[in-house]
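# Observations on the three-dimensional arrangement
Here is how the chains run, residue by residue.
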Amino acid sequence: AGLGRKSDDELVRMVLGGAQPLAALRPLKDTDPVRYLAVTMRIKAERGTTPEEVQAQLQATEAAKKQEEERIALQSKEKRLARGMQLKKLLAQYPEEATPCLGEGLKDFFDRTGAVWATAASEAEEREGRNQSKQIRRDGFHLAEQRYNEVKPWLEEFQALLVLEQQEEEAAGEEARRVQGAGAGGLASRGREHK
């Protein structure tokens, strides 16, 4: 009862400050499970990483992404095409309605495919003899998140291949227009010379 009167901020400070262990929040789980989840997630997030660690993780991710893009750029066109086909086969092993699209974030993916994951979670709940709609949605989101995280590296690599291919096509088109422009200019000037 005492926990219910405290604000979420007070509960977070209470645990992070060391006044109470995380286990002291268990009574809240029975009375207000949604609030319990929100508070414990905040505690775990604040306990787990400092702003400097978050920044370092972001920088490491960006550096790895850039390194992968550079590695892809150095491959021959044939190797990139072969890798693109390999990635398409990897992605094709999953139903299209349960696979993220290129550039699609987790939230958009779950919004688009939520029914698929709710059905999968509902079937799992039935096998376990439970049937709670909120839990089914949470479990469905968890399943979607697992799939998203599983195929995201492939999608990012495939996207990088597509971007590189598009850049090469644009460069080739520019070169062709430049050569055509130079050739047309030469003919036009000859035409004037003969008059």
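Here's what I pulled together on the structure shown here. Please read all numbers here as calculations on a predicted model, not as lab measurements.

Criteria and cut-off values
- Residues numbered from 1 in each chain as written.
- Predicted model: local features only at pLDDT ≥ 70, side-chain atom pairs only at ≥ 80, totals over all residues.
- Heavy atoms only, no water.
- Helix = DSSP H or I, 4+ residues; strand = E, 2+ residues; numbered from the N terminus.
- Buried < 20%, exposed > 50% of the residue type's maximum accessible area, 1.4 Å probe, protein only.
- Contact = heavy atoms within 4.5 Å.
- Polar contact = N/O pair within 3.5 Å; in protein donor to acceptor, adjacent residues only side chain to side chain.

### Considerations on the side chain of T40
By the secondary structure assignment, T40 is in helix 4 (residues 33-48). For T40, a relative accessible area of 4% translates into the label buried. Here T40 is in contact with L22 and L25, once residues within four sequence places are set aside.

### Observations concerning the environment of R112
You can see R112 is positioned in helix 7 (residues 106-128). Since its relative accessible area comes to 39%, R112 is described here as partly exposed. Note: C-alpha distance between R112 and P100 (twelve residues apart in sequence) is 9.1 Å. When near neighbours in sequence (up to four residues on either side) are disregarded, R112 contacts E96, E97, T99, P100, C101 and E104. Here T99 takes part through its backbone oxygen, which lies 2.7 Å from a polar atom of the side chain of R112.

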